[in-house]
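Residue strings, one per chain:
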Amino acid sequence: MPLQDRIVVRERKEEERGGIALPRGISSERHAYSEVIACGPGTRFSDGTLLPVSVAVGDTVLHAKDAGEPLILDREVFRILREGEVIGILGAAPLVTVAKIAV
């Protein structure tokens, strides 16, 4: 299990993207899509409070191809990233909910 705000990802192959189109200006040569395999608990502050990570196991994330540290296990390449190296979560539920106010 990763520590603090680190996550372990497995890079997805080009054909696994499932029709996701990158906006103009974002080159697929510089970015990679990966599946989150494991997540750390988050960042713990000096007063003991925990800020959990925003990603979950199974999420597909976008990050720079050279981000993080490569890890090779059983001939498969994984990357260990900090949560701050993740550019975005694809297909995730919004983190903020909007309250409906009756007028």
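Everything below is about the structure shown above.
As the structure is a computational prediction, the values presented were derived from the model and not from experiment.

Student: Mind showing me how you'd approach the overall build of the chain here?
Tutor: Counting its secondary structure elements, the chain contains zero helices and eight strands. Across the 103 residues that make up the chain, the buried fraction comes to 26%. At a minimum sequence separation of 6, the contacts of the chain that also span at least 24 residues come to 62%. Roughly 7,500 Å² of accessible area belongs to the chain as shown, and the carbon and sulfur atoms make up 55% of that amount.

Student: For this particular structure, what's the right way to read the environment of His31?
Tutor: Relative to the helices and strands, His31 resides in strand E2 (residues 31-39). Given the relative accessible area of 14%, His31 is considered buried. The sequence separation of His31 and Leu62 amounts to 31 residues, and the corresponding C-alpha distance is 6.8 Å.

Student: Can you help me understand the nonpolar core in this one?
Tutor: Of all hydrophobic cores here, the largest spans 10 residues; its members are Ile7, Val9, Val36, Cys39, Val53, Val55, Val61, Ala67, Leu81 and Val86. Sorting the residues of this core by element identifies strand E1 (6-11) and E2 as the ones contributing at least two each. Look past the residues within four positions of Val55 in its chain and what remains in contact with it is Ile7, Val36, Cys39, Val61, Glu83 and Ile89.

Student: Is there a simple way to think about the environment of Phe78 in this case?
Tutor: Here Phe78 shows up in strand E7 (residues 76-82). We classify Phe78 as buried; its relative accessible area is 9%. Along the chain, Phe78 and Glu35 lie 43 residues apart, while their C-alpha atoms are 9.8 Å from each other. Other than its neighbours up to four places away in sequence, Phe78 contacts Val8, Val9, Arg10, Ile37, Glu69, Pro70, Leu71 and Leu73.

Student: Hey, could you run me through the sheet that holds strand E8 (residues 86-90) in this one?
Tutor: Backbone hydrogen bonds hold the strands of a sheet together, and the pairing may be parallel or antiparallel. Strand order across the open sheet formed by six strands is E6-E7-E1-E2-E5-E8, with antiparallel pairing between neighbours. Bordering the open sheet on either side are strand E6 (69-73) and E8, each of which pairs with just one other strand. Adjacent strand axes in the sheet meet at a mean angle of 40°, parallel and antiparallel pairs treated alike. Pairing between strand E5 (residues 60-64) and E8: four bridges, direction antiparallel. In the sheet register, Thr60 faces E8, and the bridge partner there is Leu90.

Student: Which parts of the structure should I look at to understand the pattern of salt bridges?
Tutor: In a structure, side chains of opposite charge can pair up when their charged atoms sit close to one another. Counted by the stated rule, this structure contains two salt bridges. Ionic pairing is found between Asp5 and Arg82, a salt bridge with its closest N-O pair at 2.7 Å. In this pair, Asp5 sits in the segment before E1 while Arg82 sits in strand E7, placing the two residues 77 residues apart along the sequence. We note a salt bridge from Arg10 to Glu76, for which the minimum N-O separation is 2.7 Å. In this pair, Arg10 sits in strand E1 while Glu76 sits in strand E7, placing the two residues 66 residues apart along the sequence.

What counts and what doesn't
- Residues numbered from 1 in each chain as written.
- Predicted model: local features only at pLDDT ≥ 70, side-chain atom pairs only at ≥ 80, totals over all residues.
- Heavy atoms only, no water.
- Helix = DSSP H or I, 4+ residues; strand = E, 2+ residues; numbered from the N terminus.
- Buried < 20%, exposed > 50% of the residue type's maximum accessible area, 1.4 Å probe, protein only.
- Contact = heavy atoms within 4.5 Å.
- Areas by Shrake-Rupley, 256 points an atom, 1.4 Å probe, with all protein chains shown as cover.
- Core = buried A, V, L, I, M, F, W, Y, C linked by side-chain atoms within 4.5 Å.
- Pairing = 2+ DSSP bridges.
- Axes fitted to C-alpha atoms, helices over the stretch in contact; angles between N-to-C directions.
- Salt bridge = Lys/Arg side-chain N within 4 Å of Asp/Glu carboxyl O.

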